[in-house]
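Structural description and commentary
So the chains spell out like this:
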Amino acid sequence: QVQLLESGGGLVPAGGSLRVSCAAPGLTFSTHAMGWFRQAPGKECEFVGTIVGSAGRTFFADSVKGRFTISRDSAKNTVYLQMNSLKPEDTAVYYCAASSNTWLLNVGVSQYNYWGQGTQVTVSS
């Protein structure tokens, strides 16, 4: 049973930075793509970015491209979402997810097998 545990959310002013983490004990990054999604109140769950493959290739939604980065530490079984130049519209619950599909670009909710409980990120204006 794969468990994903997010941490690091909080309140940050607009223009600030925040890093959220996703611990994935027992999960092998070589056989799983890791993704980040977010859901704001009253809105659908939105793809943020993903990291996949031995080279750690990343792909991001246009709304966060150039501001967010994803990295991973295999020794710690942890994936990170670094968020810079935050905007109030980035306010959401951020979810970490894992997919056993590593040969396609995983941007859809249905492509992920495992999900964390989410961590709240609030950006004040």
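First things first, this report covers the structure right here in the doc. As the structure is a computational prediction, the values presented were derived from the model and not from experiment.

Our next topic: the sheet that holds strand 7 (residues 68-73). Here four strands make up an open sheet; going across it, the order is 1-3-8-7 and the pairing antiparallel. Lying at the two open borders of the sheet, with one neighbouring strand each, are strand 1 (5-7) and strand 7. Neighbour to neighbour, the strand axes of the sheet diverge by 20° on average, direction disregarded. As defined by bridge partners, strand 1 adjoins strand 3 (residues 18-23) across three bridges and the pair is classed as antiparallel. Bridge pairing in strand 3 places Glu6 opposite Cys22.

Turning to the packing of aromatic side chains, a few remarks are in order. By the definition in use, this model includes five aromatic pairs. Summarising the aromatic geometry, the rings of Phe37 and Phe47 are spaced 5.7 Å apart at their centres and angled 75° between planes, so their arrangement reads as edge-to-face. Of this pair, Phe37 sits in strand 4 (residues 33-39) while Phe47 sits in strand 5 (residues 46-52), placing them 10 residues apart in sequence. The class for Phe37 is buried, based on a relative accessible area of 0%. Judged by its relative accessible area of 11%, Phe47 falls in the buried class.

Conventions used here
Residues numbered from 1 in each chain as written. Predicted model: local features only at pLDDT ≥ 70, side-chain atom pairs only at ≥ 80, totals over all residues. Heavy atoms only, no water. Pairing = 2+ DSSP bridges. Helix = DSSP H or I, 4+ residues; strand = E, 2+ residues; numbered from the N terminus. Axes fitted to C-alpha atoms, helices over the stretch in contact; angles between N-to-C directions. Phe/Tyr/Trp six-rings, centres within 6.5 Å; stacked < 30°, edge-to-face > 60°. Buried < 20%, exposed > 50% of the residue type's maximum accessible area, 1.4 Å probe, protein only.

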